[in-house]
Amino acid sequence: MKSYRMFGVLLLLFLALALVACGGDEEGAEATVEPVATIAETQPTTAPETAAQATTAPEATAPTGPAAAASFQEAVNATVQIVAQGSFMDPEFGMQYNSAGAGTGFIIDPSGVAVTNNHVVTGAAFLQVYVQGREEPLNARVLGVSECSDLAVIDIDGDGFPYLDWNTAPASLGTEVYALGYPLGDPEPTLTRGVISKEDAGGETSWASVDSVLEHDATINPGNSGGPLVTTDGKVVGVNYAGASDVNQYFSINASDARSVVEQLRGGADLDSIGVNGEAVITEDEITGIWVASVESGSPADEAGVEAGDIITMLEGLVLSTDGTMADYCDILRSRNATDTMSIEVLRYATSEVLEGQLNGDPLSQSFSFAQEVAAPEGGEETTSGGTATYENYVGITDDSEAIYVEVPAEWADVDGSNWLDSDDGSVLGSELIAAPSVADFSNTYTTPGVQILAGAYFGDITMGELVDFFDFSADCTYDGRFDYADPVYTGVYDQYSNCAGAGSVIIVLGAEPAAQNYSVIVLVQAVTEADLDALDHILNTFNVVGTLPGQ
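The present account deals with the structure reproduced in this document. What you see is a predicted model, and the numbers here were worked out from it, not measured in a lab.

1. Describing the overall build of the chain
Move 1: Within the chain one finds 10 helices and 33 strands.
Move 2: For the chain, buried positions account for 52% of its 552 residues.
Move 3: Summarising the internal contacts of the chain: among those between residues at least 6 apart in sequence, 64% fall at separations of at least 24.
Move 4: When the accessible surface of the chain is summed, it comes to about 23400 Å², and 47% of that surface belongs to carbon and sulfur atoms.

Printed below as a string of structure tokens:
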């Protein structure tokens, strides 16, 4: 059972200091900077040629070409706007097809090598880069990325670009700095001025895990992602990636850390990455993990079958993002080689499945399936090819109170959604939902498939086993035993009965509760064919509490 949905689910993004990627939603004091003159190229000096000079070899001249920026004003010319085109899964609005996101980068080599943030480029179908002084955008390709350091290196088509040098002196408290970039999608570059207010701030966020970063007060906003933080002489002291505008605190990856990572990435290797553009989340049902917005084609994640919209809940057996950050996830990646086999578990919103597999190993598959765990009913219908028939179409249904939702086979069109009532005094205990080809036949025979779901407020100290005990079919069926049940949302137990009344049918009675223990659920399914066990898997995967349960 999966108590979560793409529509309406609230994902709580827990960040230290309520960090917002690349700044908050306040514009702050920004000064628009007009493009400065193109950095002058060094020209050879000439003089009238004398007769003596005419007989000697020509003097060597200084090589022509752009020079590194020498001031924060000149640094603007080497700061670029990056527009990433692609399809990304948004936790609130679903799949956003052919959408464009804009960020900032800066050129570090006249050949067009540039630095930006991983979350700006990973998973994009293509990149377009806007360079000062050029009328048309230029294409760029990704050379390498680091998910955990939130850094990426790209190569812009062309050459002869203005560029920036790294600051090689240690960043010190009080140093005057300038944040350059293209915030809020503005096509004109802006800069803001501030000082370094902390030399070693915490770098854990929901989208990166940097050991230490620079804190400064030069305002940055969404769109500043990947832009440079420069000194007065135009040297890069940091790479902007986060901010908390409500407390005027902004953060940059220290150049002393970024340089070594960038050198590895520009060589074409990814670092501490599996190929996802992800963010740590904690849902309202206390599911934790890494939300996947997009996946890089051909990456270990892509080869394993990870898709946009998945939540990576476990890696190497460790539950991820329990503190709302990428820390545990990145600690695992930093302790492994890129080609190492790692176990992975994901929660798939598109189908509400829990999948298990390996990175650089076995691809993802469903982690628990009643259709796989339970022996098929003896009277199972078979197709002409010898396989068991399955239901092709499912429909969504709700109870009368619209508190619970589930998808059932379209053939189970007879539905009763009345309240769950106490058999002794008639009081309302919660919601009840029954679906079958015929509710009457499902309730009175062992030859009609169907499902009965009971969901009510948490019943104090009563255990899931005690709830399941209310249902006993041992007089007519063979009792196969009680088994534990667990998935990332629910834990509980289920009883299994077989060959009921000699008809060969199977009955599963499952009692479970979410981690928050704010309600309990009983799911009873009567399976007449193996297709009904497949239906049980689908029912558990799509069950959701969508409203207030009656009786609460």
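Now that the structure has been shown, we can carry on.
2. Remarks on the state of the cysteines
Move 1: Scanning the entire structure with this criterion turns up 2 disulfides.
Move 2: Note on cysteine connectivity: Cys148 is disulfide-linked to Cys330, with sulfurs 2.2 Å apart. Because the sign of the S-S torsion sets the handedness, a value of about -100° for the bond joining Cys148 and Cys330 places this disulfide among the left-handed ones. Here the residue Cys148 occupies a position in the loop between strand S8 (138-146) and strand S9 (151-156), and Cys330 occupies one in helix H6 (residues 327-334), the gap between them amounting to 182 residues. Exposure class is identical for Cys148 and Cys330. Each is buried.
Move 3: One disulfide in the model links Cys477 with Cys500; its S-S distance is 2.1 Å. Around the S-S axis, the bridge from Cys477 to Cys500 shows a dihedral of about 115° and counts as right-handed. Of the two residues, Cys477 is situated in the loop between helix H9 (464-468) and strand S29 (478-486) and Cys500 in strand S30 (residues 490-500); the sequence distance between them amounts to 23 residues.

3. Quick word on the pattern of salt bridges
Move 1: One pass over the structure, following the stated rule, counts 10 salt bridges.
Move 2: The salt bridge partner of Asp272 is Arg334, with a shortest N-O separation of 3.4 Å. Here Arg334 lies in helix H6 and Asp272 lies in the loop between helix H4 (255-266) and strand S16 (276-283), a separation of 62 residues in the sequence.
Move 3: One connected set of salt bridges, linked through shared partners, spans Asp109, Glu263 and Arg266.

4. Overview of the sheet that holds strand S23 (residues 394-398)
Move 1: Taken together, 3 strands build an open sheet; the order of strands is S23-S24-S33 and the sheet is antiparallel. Every interior strand has two partners, whereas the edge strands, S23 and strand S33 (544-545), have only one.
Move 2: The pairing of S23 with strand S24 (residues 404-409) spans 5 bridges and is classified as antiparallel. Paired with Tyr394 across the bridge in S24 is Pro409.
Move 3: Packed onto the sheet, helix H10 (residues 530-542) meets S23, S24 and S33 and runs at close to 160° relative to S24.

5. Brief notes about the pairing of S30
Move 1: Across the 11 residues that make up S30, a large majority, 9, are buried.
Move 2: Bridge count for S29 against S30 is 8 bridges, and the pairing is antiparallel. Paired with Thr478 across the strands is Ser498, a residue of S30.
Move 3: Linking S29 to S30, which pair antiparallel, is a turn of 3 residues.
Move 4: Sheet topology note: the S30/strand S31 (residues 505-514) ladder contains 9 bridges and is antiparallel.

6. Let's talk about the packing of aromatic side chains
Move 1: On inspection of all chains with the given rule, the structure shows 10 aromatic pairs.
Move 2: Pairing Phe72 with Tyr178 gives two aromatic rings, centres 3.8 Å apart and planes at 10°, and the pair type is stacked. In this pair, Phe72 is assigned in helix H2 (residues 72-75) and Tyr178 in strand S10 (residues 176-181), connecting sequence segments 106 residues apart. Neither Phe72 nor Tyr178 differs from the other in exposure class; each is buried.
Move 3: Judged by centre distance (6.2 Å) and plane angle (5°), the rings of Phe370 and Tyr485 are stacked. You can see Phe370 sitting in helix H7 (residues 370-373) and its partner Tyr485 sitting in strand S29, a full 115 residues away along the chain.
Move 4: These aromatic residues form a ring-pair network of at least three members: Phe370, Phe483, Tyr485 and Tyr494.

7. Considering H4
One full turn of an α-helix is made of 3.6 residues, so residues set three or four places apart face in the same direction.
Move 1: For H4, with 12 residues, the first-to-last C-alpha span of 15 Å sits near the 16 Å given by 1.5 Å per residue.
Move 2: Those residues of H4 that are buried are in contact with strand S6 (113-116), S8, S9, strand S14 (236-244) and strand S15 (249-254).
Move 3: Trailing H4 by a residue or two, Gly268 shows a phi angle of about 100°, which is positive.

8. A word on the nonpolar core
Move 1: Among the nonpolar cores identified, the biggest contains 46 residues, and Val451, Ile453, Val523 and Phe543 are the most heavily contacted of them.
Move 2: Ranked by residue count, the leading element in this core is H10, at 6 residues.
Move 3: Judged by nonpolar contacts, the second largest core, of 35 residues, contains Ile108, Ala208, Val261 and Leu271.

9. Here we look at the environment of Asp155
Move 1: Within the fold, Asp155 resides in strand S9.
Move 2: Residues Asp155 and Val142, 13 residues apart in the sequence, show an inter-C-alpha distance of 6.4 Å.
Move 3: The residues touching Asp155, leaving out its near neighbours within four places in the chain, are Ser111, Gly112, Val113, Asn139, Ala140, Arg141 and Leu143.

10. Considering the sheet that holds strand S5 (residues 94-107)
Move 1: Strand order in this closed barrel of 6 strands is S4-S5-S6-S9-S8-S7, and the pairing throughout is antiparallel. Between one strand and the next, the sheet's axes are offset by a mean angle of 40°, whatever the strand orientation.
Move 2: In the sheet, strand S7 (residues 126-130) pairs with S8 via 3 bridges, with the strands oriented antiparallel. If you follow Leu127 over to S8, its bridge partner there is Ala140.

11. Overview of the pairing of S10
Move 1: Extensive coverage of S10 is indicated by the burial of 5 of its 6 residues.
Move 2: One ladder, built from 6 bridges, connects S10 with strand S11 (residues 190-204); its direction is antiparallel. The residue of S11 that forms the bridge with Glu176 is Val195.
Move 3: Two strands pair when backbone bridges link them, and S10 and strand S13 (residues 228-230) are joined in this way by 2 bridges, in the antiparallel orientation. Each residue of the ladder has a partner; that of Tyr178, found in S13, is Val230.

The rules behind each value
Residues numbered from 1 in each chain as written. Predicted model: local features only at pLDDT ≥ 70, side-chain atom pairs only at ≥ 80, totals over all residues. Heavy atoms only, no water. Helix = DSSP H or I, 4+ residues; strand = E, 2+ residues; numbered from the N terminus. Buried < 20%, exposed > 50% of the residue type's maximum accessible area, 1.4 Å probe, protein only. Contact = heavy atoms within 4.5 Å. Areas by Shrake-Rupley, 256 points an atom, 1.4 Å probe, with all protein chains shown as cover. Disulfide = S-S within 2.5 Å. Salt bridge = Lys/Arg side-chain N within 4 Å of Asp/Glu carboxyl O. Pairing = 2+ DSSP bridges. Axes fitted to C-alpha atoms, helices over the stretch in contact; angles between N-to-C directions. Phe/Tyr/Trp six-rings, centres within 6.5 Å; stacked < 30°, edge-to-face > 60°. Expected span 1.5 Å × (residues − 1). Core = buried A, V, L, I, M, F, W, Y, C linked by side-chain atoms within 4.5 Å.

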